[in-house]
Amino acid sequence: MKSWQSPSIPDLPGRAPRVVVRDTATGSKVPAAQGDTATLYVCGITPYDATHLGHAATYVTFDLLGRVLRDSGVAVAYVQNITDIDDPLLERAARDGIDWRDLALREIDLFREDMQALAVIAPDAYLGAVESIPTFVRPIAALVARGAAYPVPADDARLTGAADYYFDVTSDPTFGSVGHYDAATMLALSAERGGDPDRPGKRGPLDPLLWRAARSGEPEWDGGSLGPGRPGWHIECACIAMDRLGIPIDVQGGGSDLIFPHHEMSASHAKVLAQEPAFARAYVHQGMVGLHGEKMSKSKGNLVLVSTLRRGGTDPMAIRLALLEHHHATDWMWTDEALELAVQRLDRWREALAAGRGPDPEPTIRQLRAALADDLDSPRALAAVDRWVCQARTGDAPGDPQAPARLHAAVDALLGVRL
Ligand code: 5CA
Ligand code: ZN
C-alpha cells in the first residue's frame, strides 16, 4: 500500500544517547535497539472511521521513537499494517450502504493526509491485510500441521463441511507473558476486544481465530488447504512483522488497548511459528487518550478528528504539541483548553525564534536528546525548549544570531515540530 510523504529531517551535529523504552512485558526500561538498525512494528488503523486524536497520539509517539533512534545513530526499519478487512469495517460499510473497499480506501487516504500534516515519518513498508493474504495462509496451515491450531466446524459457512481455524494458546508455554493478566481479566478483555470466548467447539475460551471460513455475502480469499475465507486479526500482525522484519523485532508498538488480546496473541503466534522465545524485545504502549471521561473510540463515537481540527484552521503543529505535552505511557483526556495552550506555546516558540538572537542552544539540545532517549519523555523535552524560549524573550544579553536556527533544527528533527 502506498504510504505518505515523509517530512525532511534536518541533520544535527552530535548524537542522542542510547535510547531506552519501558517494556510492558517486564516493566523495565530496555534498549530500543540492539544493533545498527532498530526494527519497529506498529499496529496501524482499522480504516472504518477517520483518524482521531488517540490514533494521532500513538503514531506521533512512535514517530518520536524513530526520530530519536535516528539521532542516536541507529537506522530504523519501520513497518505498519492496515487492518483493511475485519468485522467492524464490514459492519460500518453495511450500515452506510457503501462497499467496504471504498470505505477503507477513503479512510486510508484521510489517514495519510493526517499523518503528513502532523509531520509523521512514513513507515518503510505500509501493508494492508488484503494485499498480504498469501503471507498468512502458509503460516496458519503450518500451525495446523504442528497441532497448534485446529478446526471448528462452521455450520453457517458458505460450503458444507467448512471449518474456522483457531489457535490453541496452550501451544505457547509463555502465553500471558506480554500482559500478565489473570484469567478472569483475559476472558473479559477477549470478549470486549474482538474475541469469541463463548464459541462452542473451541479447546479453550481464549483461543483466537486464525482463519474464518467463507460466509455468504462476506469477502473471501483462497486459503489453500484451509478453504476459502479470511484471516483472523492477530495472525496478520504476527506474519507481516515476521515476513518484513524477522523476529525478534526490537519494538512492537501500539495503544495500550492492544496489550490483550492483540499483542499477546500475535506474539504467541509468532513464537510458536518461529520456535523463538521472544517476538519483540520491547512492547511499548501508548496510553489511552479520552474525551469527556471516556476512552476516545470509534465504537463509542466520542471523537475529535485530526481532519476536523485541520479543516477548522488549527495548525497541525499545535495539535502535535498538544499531544507531546503528555508522556506517552499515561492516559489523558483531550480538552479544547489544552489545544488553546498548545497554540499559545507554538506562538511563543515562533516569536522567540523570529527575534533573530538567543542564548546558546547546546544545553537545551542536550536536554532534549536526553529526555527523548529516556523512554520518550516528551513533557520534559517541551519544558527544556520552554526554558530556552523564556531566556530568549527576557534575556538582556545580545545572544548569538545563529542560535535560533540551531534550536529550530533540533526541535524540527527531534520533536517533529516545524516552527
Ligand atoms: N488495526 C488495529 C491494530 S492491528 C487497531 O487497533 N486499529 S485502530 O484503528 O483501532 O487503532 C489504531 C491505533 O491507535 C492502535 O495502535 C490503537 O491501539 C491506537 N488507539 C486507538 N484508540 C486510541 C486512543 N483512544 N488513545 C490512544 N491510542 C489509541
Ligand atoms: Zn496489530
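Residues numbered from 1 in each chain as written. Chains lettered and ligands numbered in written order. Predicted model: local features only at pLDDT ≥ 70, side-chain atom pairs only at ≥ 80, totals over all residues. Heavy atoms only, no water.

**Q** What is the right way to look at the overall build of the chain in this model?
**A** The secondary structure content of the chain amounts to 13 helices and 14 strands. Against the globule reference of 22 Å for 419 residues, the chain gives a C-alpha radius of gyration of 23 Å, in line with a compact fold. When the backbone C-alpha atoms are referred to their principal axes, the chain occupies close to 80 × 45 × 35 Å. Counting only residues that meet the buried cut, the chain has 57% of its 419 residues in that class. The long-range share in the chain, meaning contacts at least 24 apart out of those at least 6 apart in sequence, stands at 78%. Looking at the chain as shown, the accessible area adds up to about 16900 Å², and 51% of this sits on carbon and sulfur atoms. Of the side-chain charges in the chain, 42 are positive and 56 negative, and the distance between the mean point of each set is 3 Å. (Helix = DSSP H or I, 4+ residues; strand = E, 2+ residues; numbered from the N terminus. Rg over C-alpha atoms; globule rule 2.2 N^0.38 Å. Buried < 20%, exposed > 50% of the residue type's maximum accessible area, 1.4 Å probe, protein only. Contact = heavy atoms within 4.5 Å. Areas by Shrake-Rupley, 256 points an atom, 1.4 Å probe, with all protein chains shown as cover. Lys, Arg positive; Asp, Glu negative; His and termini not counted. Charge placed at Lys NZ, Arg CZ, Asp CG, Glu CD.)

**Q** Looking at this structure, I do not really get the site of ligand 1. What am I missing?
**A** By nearness alone, 24 residues border ligand 1, and Gly44, Thr46, Thr83, Asp257 and Lys298 come closest of all. The side chain of His55 places a nitrogen or oxygen atom 3.5 Å from an oxygen atom of ligand 1. Between ligand 1 and the protein, one listed contact pairs an oxygen atom with a backbone N or O atom of Gly255 at 2.9 Å. Starting from 600 Å² of accessible surface for ligand 1 in isolation, the protein chains cover 95%. Ranked by residues supplied to the shell around ligand 1, first place goes to helix α1 (residues 53–71) with four residues. Its residues assigned to classes, the shell around ligand 1 comprises nine nonpolar, twelve polar and three charged. (Near = heavy atom within 4 Å. Polar contact = N/O pair within 3.5 Å; in protein donor to acceptor, adjacent residues only side chain to side chain. Nonpolar A, V, L, I, M, F, W, Y, C, P; charged D, E, K, R; others polar.)

**Q** I would appreciate a short explanation of the sheet that holds strand β8 (residues 209–213) in the present structure.
**A** The strands that make up a sheet are held in pairs by hydrogen bonds between backbone atoms, and each pair lies either parallel or antiparallel. One open sheet holds the four strands; their spatial order is β6-β7-β8-β9, and the pairing between them is antiparallel. Two strands close off the open sheet at either side, each with one partner strand: β6 (149–153) and β9 (229–231). The sheet shows a mean angle of 20° between the axes of neighbouring strands, taken without regard to direction. As judged from the two bridges shared by strand β7 (residues 163–167) and β8, these two strands associate in the antiparallel manner. (Pairing = 2+ DSSP bridges. Axes fitted to C-alpha atoms, helices over the stretch in contact; angles between N-to-C directions.)

**Q** Is there a simple way to think about the nonpolar core in this case?
**A** Formed by 132 residues in total, the largest nonpolar core has its most connected members in Leu65, Trp334 and Leu415. For this core, the leading source of residues is α1, giving ten residues. Each of two domains, domain 1 (20–309) and domain 2 (314–415), supplies a minimum of three residues to this core. Residues in contact with Leu415, not counting those within four places in the same chain, are Leu64, Arg67, Arg320, Leu324, Trp349, Leu368, Leu372, Ala381, Leu382, Val385 and Ala410. (Core = buried A, V, L, I, M, F, W, Y, C linked by side-chain atoms within 4.5 Å. Domains from an automatic or database assignment.)

**Q** I would appreciate a short explanation of helix α2 (residues 87–96) in the present structure.
**A** Helical geometry note: an α-helix holds 3.6 residues per turn, so side chains three or four residues apart project in the same direction. Listing the buried residues of α2 in full gives Leu89, Leu90, Arg92 and Ala93. Along α2, the residues classed as buried sweep out an arc of 165° about the axis, all on the same side. Seen from the open side of α2, the exposed residues pointing more than 90 degrees away from its buried face are Glu91, Ala94 and Arg95. Contacts from the buried residues of α2 go to α3 (100–117) and β9. (Arc of directions from axis to C-beta.)

**Q** Sorry if this is basic, but what is going on with the coordination of the zinc ion (ligand 2) here?
**A** Where a metal carries four tetrahedral donors, each ideal angle is 109.5 degrees; where it carries six octahedral donors, the ideal angles are 90 or 180 degrees. Coordination of the zinc ion (ligand 2) by the protein comes from Cys43 (SG), Cys237 (SG) and His262 (NE2), over a distance range of 2.1 to 2.3 Å. Geometry at the zinc ion (ligand 2) is tetrahedral, judged from its four donor atoms and the angles of 103 to 120° they form at the metal. On the primary sequence, the residues serving as donors to the zinc ion (ligand 2) are separated as C-x193-C-x24-H. Residue Cys237 is located in helix α6 (residues 233–245), and its partner His262 is located in helix α7 (residues 259–274); the two are separated by 25 residues in the primary sequence. With a relative accessible area of 1%, His262 lands in the buried category. (Donors = N, O, S within 2.8 Å, 3.2 Å for Na, K, Ca; no water. Tetrahedral: all angles 85-135°; square planar, octahedral: opposite > 155°, others 65-115°.)

**Q** How should I be thinking about the packing of aromatic side chains in this particular structure?
**A** Two numbers describe a pair of aromatic rings. These are the distance of the centres and the angle of the planes. Counted under the stated rule, the structure contains nine aromatic pairs. Aromatic side chains Phe175 and Phe260 sit 6.3 Å apart centroid to centroid with 70° between the ring planes, which places their arrangement in the edge-to-face category. Taken together, the positions of Phe175 in the loop between β7 and α5 (183–192) and Phe260 in helix α7 put the pair 85 residues apart, joining distant regions of the chain. For Phe175, a relative accessible area of 18% translates into the label buried. Ring-pair connections join several aromatic residues into one group, and the members of that group are Trp4, Tyr59, Phe111 and Tyr126. (Phe/Tyr/Trp six-rings, centres within 6.5 Å; stacked < 30°, edge-to-face > 60°.)

**Q** So what exactly am I meant to see when it comes to unusual backbone geometry here?
**A** Leaving glycine aside, a negative phi is the common case for residues, and trans is the common case for peptide bonds. The residue after Ile247, namely Pro248, is reached through a cis peptide bond having omega 0°. Residue position: Pro248 is located in the loop between α6 and β10 (249–255). Note that the residue after Phe260, namely Pro261, is joined by a cis bond; omega there is 0°. Its location among the elements puts Pro261 in helix α7. The backbone phi angle of Ala119 is positive, close to 60°, even though this residue is not glycine. Within the secondary structure, Ala119 is located in the loop between α3 and β5 (125–128).

**Q** Any chance you could explain α7 here in plain terms?
**A** For α7, spanning 16 residues, the distance from its first C-alpha to its last is 21 Å, which sits close to the expected 22 Å at 1.5 Å a residue. Following α7 by one or two positions, Gln275 has its phi on the positive side, about 50°. (Expected span 1.5 Å × (residues − 1).)

**Q** Please explain the sheet that holds strand β13 (residues 294–295) as it appears in this structure.
**A** Overall, mixed pairing links the three strands, which are arranged β13-β12-β14 in an open sheet. Here the strands that pair on one side only, and so sit at the sheet edges, are β13 and β14 (332–333). As defined by bridge partners, strand β12 (residues 289–291) adjoins β13 across two bridges and the pair is classed as antiparallel. For Leu291, the partnering residue across the bridge sits in β13 and is Glu294.

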